[in-house]
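# Commentary on secondary and tertiary structure
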Amino acid sequence: MHADLFAQVIDDDDQVLGEQARVLRGFAILQAEALLSAVDEVVAIAPFRQLRTPSGLMSVAMSNCGERGWCSDACGYRYSATDPDSGRAWPAMPLSLRDLACRAAQAAGFPDYRPDACLINRYRPGTRMGLHQDRDEGDKIAPIVSVSLGIPATFLFGGLKRNDAIRRIEVRHGDVAVWGGVDRLRYHGVATVKRAVHPLLGDQRINLTFRKTR
Ligand code: MD3
Ligand code: FE
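Cut-offs and rules
Residues numbered from 1 in each chain as written. Chains lettered and ligands numbered in written order. Predicted model: local features only at pLDDT ≥ 70, side-chain atom pairs only at ≥ 80, totals over all residues. Heavy atoms only, no water. Phe/Tyr/Trp six-rings, centres within 6.5 Å; stacked < 30°, edge-to-face > 60°. Buried < 20%, exposed > 50% of the residue type's maximum accessible area, 1.4 Å probe, protein only. Lys NZ or Arg CZ within 6 Å of the ring centre and 35° of its normal. Pairing = 2+ DSSP bridges. Helix = DSSP H or I, 4+ residues; strand = E, 2+ residues; numbered from the N terminus. Axes fitted to C-alpha atoms, helices over the stretch in contact; angles between N-to-C directions. Near = heavy atom within 4 Å. Polar contact = N/O pair within 3.5 Å; in protein donor to acceptor, adjacent residues only side chain to side chain. Areas by Shrake-Rupley, 256 points an atom, 1.4 Å probe, with all protein chains shown as cover. Donors = N, O, S within 2.8 Å, 3.2 Å for Na, K, Ca; no water. Tetrahedral: all angles 85-135°; square planar, octahedral: opposite > 155°, others 65-115°.

### A word on the packing of aromatic side chains
Evaluation of the coordinates by the stated rule reveals one aromatic pair. On the basis of an interplanar angle of 25° and a centroid distance of 5.4 Å, the ring pair of W70 and Y77 is categorised as stacked. Judged by relative accessible area, which is 44%, Y77 ranks as partly exposed. Residue placement shows R205 over the ring face of Y123; its charged tip is 4.9 Å from the ring centre.

Next comes the structure, spelled out in structure tokens:
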């Protein structure tokens, strides 16, 4: 058990994906259980739901915390200060989540990170996220920080144009990806998640993405 944990923390070097894009292997592993309790508190107030987009229902289930949350319906995408399902403000961003995101951003070369939103994505085997850019945020230079928890997945990591070559990056429980600056608008996605079981999350993968939306 502890041998495996060390293997993940030490053996796998941090991965440089671009000039300003990194995967910090195992960066969140020691905080994972605290992060998941914080997520439980958020989703007790703002439950996971599958959003509709102009192109159909998403297979990923989502929630948000922070000042604003990412929303989608048949009309399009936007950030909203309120949860459209409850009409109330999104739950505040728990300090444990915010602190982890800021430390990861700093470790990847982005000091003074001030995320105002955290999108929480839940994947089950068979779930995927198609290739897209994150461009609904007002700030397109500040990094996005992504924390992977639970069963593994494959990030699809492309370029600034949809047709650029795509690298496949395996991400596991505790890995944190940070991309900002010149790499901020790269196309990316998540390949269909394979069947697996994780001791803390069963057949789920939870991904947290921290954003600066204004
Ligand atoms: C971009 N979520 O919610 S970011 C999203 O796993 C979203 O749920 C992904 O894309 C998820 O908008 C996490 C995937 C990713 C990874 C590395 C990147 C995007 C990247 C590196 C550079 C640019
Ligand atoms: Fe994205």
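### Here we look at the sheet that holds strand 11 (residues 167-171)
Taken in spatial order, the four strands make up an open sheet running 8-13-10-11, and their pairing is antiparallel. Bordering the open sheet on either side are strand 8 (129-132) and strand 11, each of which pairs with just one other strand. Going across the sheet, the axis of each strand differs from the next one's by a mean of 20°, ignoring polarity. Where strand 10 (residues 153-157) and strand 13 (residues 188-190) come together, three bridges link them in antiparallel fashion. Its bridge partner being in strand 13, F155 is matched across the sheet by V190.

### Points about the site of ligand 1
Looking at ligand 1, there are 18 residues lining it, with N121, Y123, F157, W179 and R205 nearest. In the model, an oxygen atom of ligand 1 is placed 3.1 Å from a nitrogen or oxygen of the H132 side chain. Here D134 contributes a side-chain N or O atom positioned 3.2 Å from an oxygen atom of ligand 1. Burial of ligand 1 by the protein amounts to 98% of the accessible area it has alone, namely 520 Å².

### A look at the coordination of the iron ion (ligand 2)
Taken together, H132 (NE2), D134 (OD), D134 (OD) and H188 (NE2) make up the full set of protein donors to the iron ion (ligand 2), lying 2.1 to 2.8 Å away. With six donor atoms in place around the iron ion (ligand 2) and angles of 50 to 175° between them, the coordination shape is irregular. Each donor residue of the iron ion (ligand 2) lies on one chain, and together they are spaced H-x1-D-x53-H. In this pair, H132 is assigned in strand 8 and H188 in strand 13, connecting sequence segments 56 residues apart. Look at H132 and you get partly exposed, because its relative accessible area is 21%. Taking relative accessible area as the criterion, H188 reaches 15% and is therefore assigned buried.

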